Protein chains: 2
Amino acid sequence: MSANIQLPTDTGLYVFVNNQIIPSTEAYLHISDLAIQRGYGIFDFFKVKQTHPYFINDYLDRFYHSATQMNLMVPVAQDVLKTIIRELTTKNNLAESGVKMVLTGGYSADGYQPGTPNLIITQQPFSLPTQAQYQTGIKIITHEYVRELPTAKTINYTMGIRLIQEIKDSGADDVLYHQAGAVSEFPRCNFFIVRQDDTVVTPAENVLLGVTRKNVLALAATRFKFAEEPVTLKDIYEAKEAFLTSTTKRVLPIVQIDDKIIGNGKPGRVTQALLQDLISLEDKELAETGGRMK
Amino acid sequence: MSANIQLPTDTGLYVFVNNQIIPSTEAYLHISDLAIQRGYGIFDFFKVKQTHPYFINDYLDRFYHSATQMNLMVPVAQDVLKTIIRELTTKNNLAESGVKMVLTGGYSADGYQPGTPNLIITQQPFSLPTQAQYQTGIKIITHEYVRELPTAKTINYTMGIRLIQEIKDSGADDVLYHQAGAVSEFPRCNFFIVRQDDTVVTPAENVLLGVTRKNVLALAATRFKFAEEPVTLKDIYEAKEAFLTSTTKRVLPIVQIDDKIIGNGKPGRVTQALLQDLISLEDKELAETGGRMK
């Protein structure tokens, strides 16, 4: 690629681009791709232990669903995609990692009409929250915004990335979106509160249906009251606990929102119970499958 | 690029990628670019006659302004960018064309934090509306949506591209965004109405500040009343004329919105006058500069 003065980071890892597994440093898309021209594409991301992808069917179902919502066709069937993922993760041989699948609008002749989608699969070593974050909880800020197509995992993170600096400047760890006080989600995580009566509540509208969100709701159902319903900023101020969920962060306690302390300012009992339950659920799934893909 | 089974269209044209002018077929970005990973980038687009770019300073000003709004740094100064554009358009030697500059979030190590932006400049032959469209006017549909950062020309066209099929299915030519009945803009054009008293009106809020919009407002000021103020769907139904403006479409009459005919259903006198005035303005600018860049 003599044409580019910029060189990508060499991770030493392999990636899948369309029909081939190749070194990451050789993985390029033509500039006519609709992701580059118009930010048009979808993706999904899941966690892998050696070659075992956790809850893979949920993530693949969502990937294909996002594609449908954006009128894009995944070029391979779900079982073929699983085979590709197995080959890639075997070749990269990482202890713990994240796998990301991106499907773009493809090479567009006029820079607006979608072409044949390009499928990219990458794998990176994993970066979990720090122990300190789990033990002391995190601070978040808020921003008025609703994603334009909340149930699809599109690649559009214009707002989230623009807010990186504001999060840093506030000494916070993430930003929670709301509209006129009704909260929805973080750029990359779902949001939960625990009410004073121990009911676990998460917003039902304008959110991506996270796989960890789904797992945590199912776990909450076994020992707490729970609800998917509107959550306002006021509800958060009056809550006993708050936390976020995501594939990489699992269940992460939130102790401050803007300038308001949540509950007693410490990670709560329900939050910590759900984190332990989730870790057990992951271990159970891994043991059941013997580390192989279901 | 043996790694890609997909091949881009070979336009036979040259493009600029970072520091070099190269054949379009050789212009690739690494998949870690933040446009591909997160749809993060900005662009601008202007019209060129031979090597004369119309109203170039307005477009470049907006390009740098969009970059600032997205915390991206254009890697070259404005006069250097002009020199590059002159070299590229000289090399491609097209009679009439559009030049597009794209600035992406750059190669990102973690797929979220921006890197050093990649600058791409491409040139394509021009596609104007048909004579029939100017003579009979077009039909548009409406959709409830506001761009997330209206004053920046970001690459995010998730909504516009998803609506391509709906526009086709409705036998329409474009889609006008509104929020609770207050209209703003098209995915790629600005919107105007002409009131019964011949006042030329365009929405002031939630719109990209189009260069053609600015020129048309200045032209309207010389012989009509004009205003930048809120426009509702009801205002459109009661209007005498309606039209859109854009770099490629100039001033294009609109005669139907959803199932409602606008005015007498034909391109109006004020619309046609402004189109002629705009063509004269373009000719005047070209003559004044002798086809060279100012």
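Look above for the structure.
A few points on the structure. Sequence positions are assigned chain by chain, starting from 1 and proceeding in written order. Just so you know, chain letters begin at A and ligand numbers begin at 1, following the order they were written in. This being a predicted model, a pLDDT of at least 70 is required before a residue's local features are given, and a value of 80 or more before pairs of side-chain atoms are given or counted; all residues contribute to the totals for chains, interfaces and linings. Water and hydrogen atoms were dropped before computing side-chain values, which therefore reflect all heavy atoms in the structure.

Concerning the overall build of chain A
Reasoning step 1: Numbering of helices and strands starts at the N terminus; helices are DSSP runs of H or I of at least 4 residues and strands are runs of E of at least 2. Within chain A, the secondary structure is distributed over nine helices and 16 strands.
Reasoning step 2: Against the globule reference of 19 Å for 294 residues, chain A gives a C-alpha radius of gyration of 20 Å, in line with a compact fold.
Reasoning step 3: Dimensions of chain A, computed from C-alpha atoms along their principal axes, come out at roughly 55 × 45 × 35 Å.
Reasoning step 4: Partly exposed residues are those whose accessible area sits between 20% and 50% of the maximum for their type, while under 20% is buried and over 50% is exposed, using a 1.4 Å probe and protein chains only. Split into buried and exposed, the 294 residues of chain A put 60% on the buried side.
Reasoning step 5: Only heavy atoms enter the contact rule, under which two residues are in contact if any of them lie within 4.5 Å. Put simply, of all contacts in chain A between residues at least 6 apart along the chain, 70% involve residues at least 24 apart. Radius of gyration here uses only the C-alpha atoms, and the compact-globule reference equals 2.2 Å multiplied by the residue count raised to the power 0.38.

Focus on unusual backbone geometry
Reasoning step 1: Even without being glycine, Gln50 of chain A reaches a positive phi, approximately 50 degrees.
Reasoning step 2: If you trace the backbone, Gln50 of chain A turns up in the loop between strand S4 (41-49) and strand S5 (52-53).
Reasoning step 3: You can call Gln50 of chain A partly exposed: its relative accessible area is 40%.
Reasoning step 4: Backbone geometry places Phe55 of chain B, a non-glycine residue, at a positive phi of 50 degrees.
Reasoning step 5: Relative to the assigned elements, Phe55 of chain B resides in the loop between strand S5 (52-53) and helix H2 (56-69).

A few points about the pattern of salt bridges
Residue and element names in this part refer to chain A.
Reasoning step 1: One side-chain nitrogen of Lys or Arg within 4 Å of one carboxyl oxygen of Asp or Glu is enough to make a salt bridge. Under the criterion given, the structure shown has 28 salt bridges over all chains.
Reasoning step 2: With its nearest N and O atoms 2.7 Å apart, the salt bridge here joins Arg62 to Asp44. With Arg62 in helix H2 (residues 56-69) and Asp44 in strand S4, this residue pair connects regions lying 18 residues apart in the sequence.
Reasoning step 3: The exposure class assigned to Arg62 is buried, which follows from its relative accessible area of 10%.
Reasoning step 4: In this structure, Arg213 and Glu228 form a salt bridge, with 2.8 Å as the shortest nitrogen-oxygen distance. Taken as a pair, Arg213 in helix H7 (residues 211-221) and Glu228 in strand S13 (residues 226-228) lie far apart in primary sequence, 15 residues in all.
Reasoning step 5: Judged by its relative accessible area of 4%, Arg213 is buried.
Reasoning step 6: The exposure class of Glu228 is partly exposed, given its relative accessible area of 43%.
Reasoning step 7: When salt bridges with common partners are traced through the structure, they connect Lys47, Arg250 and Glu282 into a single cluster.

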